[in-house]
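Single-letter residue listing:
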Amino acid sequence: MRKLPLILIILILLVTIAQSKIIDKVVAIVGDKIITQYDVESFNPKQVKKIYSIKDEATREKLLKKYYKEVLDFLVNQYVLEIAAEREGIKVSESEVENALNEVLTKNNITIEQLEKVLEENNLTLAKYKYQLKNEILNARIRNALILPKLVVTEEDIKHYIDEHNKELKLDDQFELRIIKIKDKNRLDEIEKFLKKGGSFADAAIKYSVDKTAKSGGYIGWIKLNHLPEKIREKVKGYKEGDIVKIEDNGEITLLFIENFKSKYDIDDKMKDEIVKKIKEKMYPDVVKNWLEKHKATIFIKYM
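Along each chain, residue indices are assigned from 1 in the same order as the chain's sequence is written. This being a predicted model, a pLDDT of at least 70 is required before a residue's local features are given, and a value of 80 or more before pairs of side-chain atoms are given or counted; all residues contribute to the totals for chains, interfaces and linings. By convention in this description, side-chain values take in all heavy atoms of the structure and omit both hydrogens and water.

J.: How would you summarise the sheet that holds strand β2 (residues 33-36) if you had to cite specific residues and measurements?
T.: When DSSP finds two or more bridges between two strands, those strands count as paired. Secondary structure counts use DSSP, requiring at least four H or I residues in a row for a helix and at least two E residues in a row for a strand, with both numbered from the N terminus. One open sheet holds the 3 strands; their spatial order is β2-β1-β7, and the pairing between them is antiparallel. Among the strands making up the open sheet, the edge pair consists of β2 and β7 (301-303). For this sheet, the mean inter-axis angle between neighbouring strands, taken without regard to orientation, is 20 degrees. Here 4 bridges tie strand β1 (residues 26-30) to β2, and the two strands are oriented antiparallel to one another. A fitted line through C-alpha atoms represents every axis, and for helices the fit uses only the stretch in contact; the resulting angles, taken between N-to-C directions, go from 0 to 180 degrees.

Here it is as structure tokens:
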């Protein structure tokens, strides 16, 4: 086999070195971490290949510039996240990433070779996939160990959430009611005197009410506020246990006695915990964004 001339070998080596320098060109510095051209272009090689295949130079350069900006900004933010987390004592070791990778293999019952094949079909490398796993673990730790525990949810926040999600939660003020209906206004004075002397509302219902519930002391039972007729609903709002509500309509007088009251805000611990969790989930994006911006302001960032 004929040997290549020395000068040709040197030229090939020079071209290779030159290409390596272009590929490994530093495009950004974040703290003590660097981002290279290779990092950016290998982020989505399929898209890069598609852009480079465009014949029109102006279009190609425009799309390439857009791609670089989007990916570079994303990678810079990821490194900011990593540095900020390290400052808070949160790290993800290589062994933890390997453990996460092994869990993926076990869960899907595949070998590392099979995984690499799947990744290749999706234009991903194993190294890139490990990087994604690391970021997922890191984000989860920041979320669950650092940000969420520090979020404060007040009783007012919970009440506001209940007001906004009444239908979804199926919560409403509830009243245990007794009723007296009379058609003679003179009877109203008699009832008031009866009650002032210590008579119970139930006994007054038995004695004076013309409603069909009179025999049972006017007992209606527990009713949600929204299940009451609109006229009564508006009257009852704001009343509490022990109150008597008077309603006049077409010459008929109705007295409603609120024997017991349960506020829609009186929820059990399980529901309260679920609501607090949802409120924190809603608060999280803005809080973590502010947390990152605060750290970002003190991290050296330079685009090359």
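J.: Account for the domain arrangement of the protein, with residues named and values stated.
T.: Considered domain by domain, the protein is made up of domain 1 (26-150 + 291-303) and domain 2 (172-262). Throughout, the edges of the domains are those of an automatic or database domain assignment. Using C-alpha coordinates to define each centre, domain 1 is positioned 67 Å away from domain 2.

J.: Quick rundown of the layout of surface pockets? Include the residues and the values.
T.: Any residue with an atom within 4 Å of a point lines the site, the site being either a cavity, points on a 1 Å grid over the protein atoms alone where a 1.4 Å probe fits but cannot get out, or a pocket, an open set with protein on both sides within 12 Å along at least 5 of 7 lines. Grid points are joined across faces, edges and corners, and a volume is the space filled by probe spheres set on the points. Roughly 280 Å³ of internal volume is contained in the largest pocket. What lines the largest pocket is a set of 15 residues, and nearest its centre among them are K181, P229, I232, I247 and T254. The set of elements that each furnish at least two residues to the lining of the largest pocket consists of β3 (174-182), β4 (219-224), α12 (230-236), β5 (244-249) and β6 (252-262). Each residue gets one of three labels, nonpolar for Ala, Val, Leu, Ile, Met, Phe, Trp, Tyr, Cys and Pro, charged for Asp, Glu, Lys and Arg, and polar for the others, Gly among them. Residue classes in the lining of the largest pocket are distributed as 9 nonpolar, 1 polar and 5 charged. Considering only enclosed or pocket space, the second largest pocket measures out at about 220 Å³ in volume.

J.: Explain a positive patch on the surface to me, and be specific about the residues and the numbers.
T.: The residues that make up patches have over 30% relative accessible area and no salt bridge, and they are joined within 9 Å when like-charged or within 5 Å when they are Val, Leu, Ile, Met, Phe, Trp or Tyr. Throughout, the Shrake-Rupley method with a 1.4 Å probe supplies accessible areas, and for residues the shown protein chains are the sole cover considered. Between Lys or Arg on one side and Asp or Glu on the other, a salt bridge is scored when a side-chain nitrogen of the former is within 4 Å of a carboxyl oxygen of the latter. For this count, His and the chain ends are skipped, Lys and Arg are scored as positive, and Asp and Glu as negative. Think of each charge as sitting on NZ of Lys, CZ of Arg, CG of Asp or CD of Glu. On the surface, K193, K196, K197 and K207 cluster together into a patch of positive charge. Examined against the element boundaries, K207 turns out to sit in helix α11 (residues 201-208). Exposure classes here rest on a 1.4 Å probe applied to the protein chains alone. A residue is buried below 20% of its type maximum, exposed above 50%, and partly exposed in between. Its relative accessible area of 53% is what places K207 among the exposed residues.

J.: An account of helix α5 (residues 94-108) is needed here, citing residue identities and associated values.
T.: A helix is expected to span 1.5 Å multiplied by its residue count minus one. Here α5 is 15 residues long and its end C-alpha atoms lie 21 Å apart, about the 21 Å a rise of 1.5 Å per residue gives. Listed as buried for α5 are V97, A100, L101, V104 and L105. Summarising the axial view, the buried residues of α5 lie within an arc of 140 degrees, below the 170-degree limit, and thus occupy one face. Projecting away from the buried face of α5 at angles above 90 degrees are the exposed residues E103, T106 and K107. Our arc is simply the arc of the directions from the helix axis toward the C-beta atoms.

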